[in-house]
Amino acid sequence: MRVNLIVFSLATLILCNTSCKDATKLTKDVKTEKTLFPSKEISLDNETKIDALIAEMTLEEKAGMLHGSSKFATEGVERLGIPKMNMTDGPLGIREEISKDSWAPAGWDNDFATYYPAAGSVAATWNPELSYKFGNSVGQEARARDKDVLLSPAINIIRTPLGGRTYEYFTEDPFLNKKLAVPFIVGIQDNDVMACVKHFAVNNQETNRDFVDVNTDERTLREIYLPAFKASVQEANAYSVMGAYNKFRGDFLCENDYMQNKILRDEWGFKGIVISDWSAVHSTVKTLVNGLDIEMGTRKPANEFFLADKLIAAVKDGEISEEEIDKHIRRILRVLFQVKAIDGTDRTEGSLATEEHYKDAYDIAEESIVLLKNEKNLLPLQLEGINSIAVIGNNATKKNALGGYGAGVKTKREVTPLDGLKNRLPENIKINYAEGYLERYSKNDNDQKIEVTLNTPTTITELDPEKLKEALEAAKKSDLAIIFAGSNRDYETEASDRKDLSLPFGQEELIQKVLAVNPNTIVVMIGGAPFDLNTIKEKSSSLIWSWFNGSEGGNALADVILGKVNPSGKLPWTMPKRIEDSPAHATNSFPGDESVTYEEGIMVGYRWFDTKNIEPLYPFGFGLSYTDFMFSNISTNKESYSEDEDIQIHFTIKNIGDRDGKEVAQVYVSHPGSSIEKAAKELKGFKKVFIKSGATQNAIISIPVKELAYYQVSTKKWVVEKGTYILKIGNSSRNILGEVSIKIN
């Protein structure tokens, strides 16, 4: 079946690492899509050796392998050649070495690492190849620091825009989530390092995270919150998973039989190890029997961990068998063999903070930046006739490698936005910098910046009069202004959720006053999660969204502003006009108290907005470009399909602008005749394509029919309904440029 797509000219093209040269190459890519990131299964070739090792171990030695002996390591058995298992945080890069028994830095001078863009940046690239590049690069750094386990990636669904760890997660969409998680994990594990996929599962808020009991219906669990974890196990062959803090249906997740045994191991066939989040264990026998393998981080001496002396006593008292202990030791030994920590003569050595790794960070950053508005075509900057530029805002100089409550990176290189502009602008252009707003917090009437605690930091919103005056004077005397606003990793942080969508530190007032004195002002937001940008969107002509974007973030941002790089980022989440429009808040089911029920069900993110016809400020998948594109000629290779086939969607994109660029073609599927509740549309395919100015690309996106299935609770099976489906292609969830109908037999 063939239907012409709506011809659409827009400043919206997202680029791709992989150029599609012709239809033959595209067809080949479709056939090999599932093997683009081949993973290695956990080997069972060492079972005889493992049997021998277990037979030689004492009960005390076994217990030592089941709990932390320091902040980031478990005990080994030196006399048997079993090493310690060394772990490290890694969402933004390899964490600096810390002390054995505290979170204080160890004071090493050789643990500087590459600061990589946050996961939100990776998701905004919509580029699985860059996700692999990140994983592979950070995996090399983990090996260079002699680590066996990298506590990354974090793949929880973004349920609320207020989430304190939104910057650390990928997306609100389960399909995009799994398509980015799998290559990331494979990239890490290609370096003989275990990826530890976290936080398993339904861990979607920081508020009350230590004890909140999450309740969601089974279909929602399966369709929204588990797909990326399932793909991590079955496609990426993840070697380890981290158990979350919260409860699920009454049981803590680190002792949850349904999640850890029945789903993770029995259904999905997981052969790796489950490691607790730090201080997330609450029992001894129940924890082990229900699937956890290693307890980490309990705030007591190591021998007082639940899986230490208490476990030894439980075995001696007959509460748990030593055979049960051996089952967990076997799993640990398997993964240690897998990453060549035992008998690993050819184990990857890795490399740390190299120019190649800084380039990896740059590549991710440049493709992540999202152009939200460019009404007067101020961007890219045309420097002819420009003698001075005002650079305004604390975020122009703020560094985010370290900060907040959680893992950061000690790095020798973090290029700030101001640094990036200085690096890229000609020397004859004067930069007039003004801080504009102060990053200030209040606590006990003290205006000093506070140490971030479990409570959301309260910001001081009044502008400092002197700082405001300096900013306005800089804007008035400059040919144009660039304001760097948004968030930082002290305000957006693990262990707390934001109170609302307001910009902190009085930034909105500052931006409006600068726009009033210099209309030629570009607003750049830096952050990991949505803010209320209603007024700024209305009053500014040029708006960019950037992220906590790594060691080379400032250079990448400057290259986009100046046009060396054509922006190609797309939002991985929906930016609402009001917090009340977002599903968890519209249903009054965030944050709960001791328990929370996900009342919105499967209608998470854009599914809610599109199904309820609620207009977002910026939709999921949105992002502009410096060039224009035209879509046409959508077709499928067949009119009807059976459940075991793949749907091939053919279409054409032409770059009708004067700049080379990249676009993300997004395929959403609707099933208006369904007998059950479904979202108005669901993302089921995407492709990032590079197209030269004036050129045309023929592209193919392949979607297995099984991707159209819903989870049928009564039969506990995935079911593809028969009937007519509509495939919608566009460049955001709200900008559909054409569609075609197919039938499933």
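Residues numbered from 1 in each chain as written. Predicted model: local features only at pLDDT ≥ 70, side-chain atom pairs only at ≥ 80, totals over all residues. Heavy atoms only, no water.

### Topic: the packing of aromatic side chains
Inclusion rule: Only rings of Phe, Tyr and Trp enter the pairing, Trp through its six-membered ring, and a pair is recorded when the two centres are within 6.5 Å. The plane angle decides the type: under 30 degrees is stacked, over 60 is edge-to-face, the rest tilted. A run of H or I in DSSP counts as a helix once it spans at least four residues, and a run of E counts as a strand once it spans at least two, with each numbered from the N terminus. Buried means the residue's accessible area, taken with a 1.4 Å probe over protein chains only, is under 20% of the maximum for its type, while exposed means over 50%, and partly exposed covers the values in between. By the criterion adopted, a ring carries a charge over it if an Arg CZ or a Lys NZ lies within 6 Å of its centre and within 35 degrees of its normal.
Evaluation of the coordinates by the stated rule reveals 23 aromatic pairs. Residues Tyr167 and Phe548 carry aromatic rings whose centres are separated by 5.6 Å and whose planes lie at 70 degrees to one another, so their mutual orientation is edge-to-face. Remark: Phe548 occurs in the loop between strand S17 (542-546) and helix H18 (553-562) and Tyr167 occurs in the loop between strand S5 (149-151) and helix H6 (174-189); sequence separation between them is 381 residues. The burial state of Tyr167 is the same as that of Phe548; both residues are buried. Aromatic ring contacts, followed pair by pair, group Trp126, Phe175, Tyr606, Phe620, Tyr668 and Phe686 into a single cluster. One Lys or Arg, Lys300, reaches over the ring of Phe306 and ends 5.6 Å from the middle of that ring. Over the face of the ring belonging to Trp608 we find Lys612, whose NZ or CZ atom lies 5.0 Å from the ring centre.

### Digging into the environment of Lys728
This is how the line gets drawn: Contacts are assigned to residue pairs with any non-hydrogen atoms lying within 4.5 Å of each other. Any pair of nitrogen or oxygen atoms within 3.5 Å is treated as a polar contact; in protein, a donor-acceptor pairing is required on top of that, and neighbouring residues in sequence qualify only through side-chain atoms on both sides.
Locating Lys728 in the fold gives a position in strand S27 (residues 723-730). Linking Lys728 and Tyr115, residues 613 residues apart in sequence, is a C-alpha distance of 38 Å. In this structure, Lys728 is in contact with Gln666, Val667, Tyr668, Ser670, Lys681, Ile736, Gly738 and Glu739, ignoring residues within four places of it in sequence. In terms of polar contacts, Lys728 uses its side chain to reach the side chain of Glu739, at 3.2 Å.

### Focus: the pairing of strand S14 (residues 430-434)
Each regular strand shows side chains that alternate between the opposite faces of the sheet. So the rule is basically this: What makes two strands pair is DSSP finding at least two bridges between them. If the strands point away from the viewer and the path from the first strand over the helix to the second runs clockwise, then the crossover is right-handed.
Of the strand pairs in this sheet, strand S13 (residues 388-392) and S14 are connected by five bridges, and their pairing is parallel. By the bridge assignment for S14, Ser388 is matched with Lys430. At this point the chain moves from S13, through helix H14 (residues 417-424), to the parallel S14, and the crossover so formed is right-handed.

### Comments concerning the pattern of salt bridges
The line we're drawing: Any Lys or Arg side-chain nitrogen found within 4 Å of a carboxyl oxygen on Asp or Glu counts as a salt bridge.
Under the criterion given, the structure shown has 60 salt bridges. The partner of Asp581 in a salt bridge is Arg578, with the nearest N and O atoms 3.0 Å apart. For Asp581, a relative accessible area of 10% corresponds to the buried category.

### Some details on the sheet that holds strand S2 (residues 68-70)
Within a beta sheet, neighbouring strands are joined by backbone hydrogen bonds and run either parallel or antiparallel to one another. Across the sheet, seven strands lie side by side as S2-S3-S4-S5-S6-S8-S11; this open sheet has mixed pairing. One side of each edge strand has no neighbouring strand; the edge strands of this open sheet are S2 and strand S11 (273-276). One ladder, built from three bridges, connects strand S4 (residues 85-89) with S5; its direction is parallel. When the bridges of S5 are listed, Met87 appears paired with Val149.

### Re the state of the cysteines
Heads up, the condition is: Cysteine sulfurs are considered disulfide-paired once they come within 2.5 Å of each other.
Summed over the entire model, instances satisfying the criterion amount to zero disulfides. Here Cys196 stays free of any disulfide, with the sulfur of Cys254 as its closest cysteine sulfur at 10 Å.

### Here we look at the confidence of the model for the chain
What counts here: The quantity known as pLDDT measures the predictor's confidence residue by residue, on a range of 0 to 100.
With 94% of its residues at a pLDDT of 70 or more, the chain has an overall mean of 93. pLDDT under 50 marks residues 1-33. Its contacts with residues more than four places away, or in other chains, come to 118 contacts. Across residues 444-454 the pLDDT falls below 50, and counting only partners more than four positions away or on other chains, this stretch makes 21 contacts in the model.

### Here we look at the environment of Arg331
Relative to the helices and strands, Arg331 resides in helix H12 (residues 322-338). Under the relative-accessibility criterion, Arg331 is labelled buried at 10%. Along the chain, Arg331 and Lys271 lie 60 residues apart, while their C-alpha atoms are 7.1 Å from each other. In contact with Arg331, other than residues within four places in its own chain, are Arg265, Gly272, Ile273, Gly291 and Asp293.

### Notes on the nonpolar core
The line we're drawing: Remark: nonpolar core denotes a set of buried residues (Ala, Val, Leu, Ile, Met, Phe, Trp, Tyr, Cys) joined through side-chain atoms within 4.5 Å.
Of all hydrophobic cores here, the largest spans 197 residues; its most connected members are Met85, Met87, Ile482, Phe484, Leu533 and Trp545. Broken down by element, this core gets its largest block of residues, nine residues, from H6. The contacts of Met87, once residues within four sequence positions are left out, are Phe72, Thr74, Lys147, Val149, Leu151, Ile275, Trp278, Ile294 and Met296.

### Observations regarding the side chain of Glu663
With respect to the secondary-structure elements, Glu663 resides in strand S22 (residues 661-670). Within the local environment of Glu663, its side chain forms a polar contact with the side chain of Lys570, the two groups lying 3.1 Å apart. Reaching out from Glu663, the side chain makes a polar contact with the side chain of Asn731 at a distance of 3.2 Å.

### Examining the sheet that holds strand S18 (residues 595-597)
Read across the sheet, four strands follow the order S10-S9-S7-S18 without closing on themselves; strand pairing throughout is mixed. Whereas interior strands pair on both sides, the edge strands pair on one side only; in this sheet they are strand S10 (251-252) and S18. Across two bridges, strand S9 (residues 247-248) lies against S10 in antiparallel orientation. Note that in S10 the partner of Phe248 across the bridge is Asp251.

### Overview of helix H2 (residues 47-56)
Every α-helix winds through 3.6 residues per turn, so residues three or four apart in the chain are directed the same way. So the rule is basically this: Each C-beta atom gives one direction from the helix axis, and the arc is the one those directions make.
Along H2, the residues classified as buried are Glu47, Ile50, Leu53 and Ile54. Here the buried residues of H2 occupy an arc of 120 degrees about the axis, which is enough to place them on one side. Those residues of H2 that are exposed and angled more than 90 degrees off the buried face are Thr48 and Ala55. Tucked into the core, H2 has its buried residues touching helix H3 (59-64) and H12.

### A look at the packing of H14 against H18
The test is simple: Only C-alpha atoms enter the line fits that serve as axes; for helices the fit covers just the stretch in contact. Angles between N-to-C directions range over 0 to 180 degrees. If an angle is under 35 degrees, it is roughly parallel; if it is over 145, roughly antiparallel; if it lies from 65 to 115, roughly perpendicular; otherwise it is oblique. It is the rotation of the near helix from the far one that decides the hand of a crossing: anticlockwise by less than a right angle makes it left-handed, clockwise makes it right-handed. Ten residue types, Ala, Val, Leu, Ile, Met, Phe, Trp, Tyr, Cys and Pro, are classed as nonpolar, four, Asp, Glu, Lys and Arg, as charged, and the remainder, Gly among them, as polar.
As a packed pair, H14 and H18 sit with axes 7 Å apart at the nearest point and diverge in direction by 55 degrees. Here H18 runs oblique to H14, going by the angle between their axes. As for how H14 packs across H18, the hand of that crossing is right-handed. Contacts between H14 and H18 pair Pro417, Gly420, Leu421, Asn423 and Arg424 from the former with Gly554, Asn555, Leu557, Ala558, Asp559 and Leu562 from the latter. Along the lines of polarity and charge, the residues of the contact of H14 with H18 split into five nonpolar, four polar and two charged.

### A look at the packing of helix H5 (residues 128-144) against H6
Orientation of H5 relative to H6, taken along the N-to-C sense of each, is 30 degrees, at an axis distance of 7 Å. One finds that H5 runs roughly parallel with respect to H6. Judged by the twist between their axes, the crossing of H5 over H6 is right-handed. Between H5 and H6, the contacting residues are Pro128, Ser131, Tyr132, Phe134, Gly135, Asn136, Val138 and Gly139 on the first element and Lys179, Leu180, Pro183, Phe184, Val186, Gly187 and Ile188 on the second. Residue classes in the contact of H5 with H6 are distributed as nine nonpolar, five polar and one charged.

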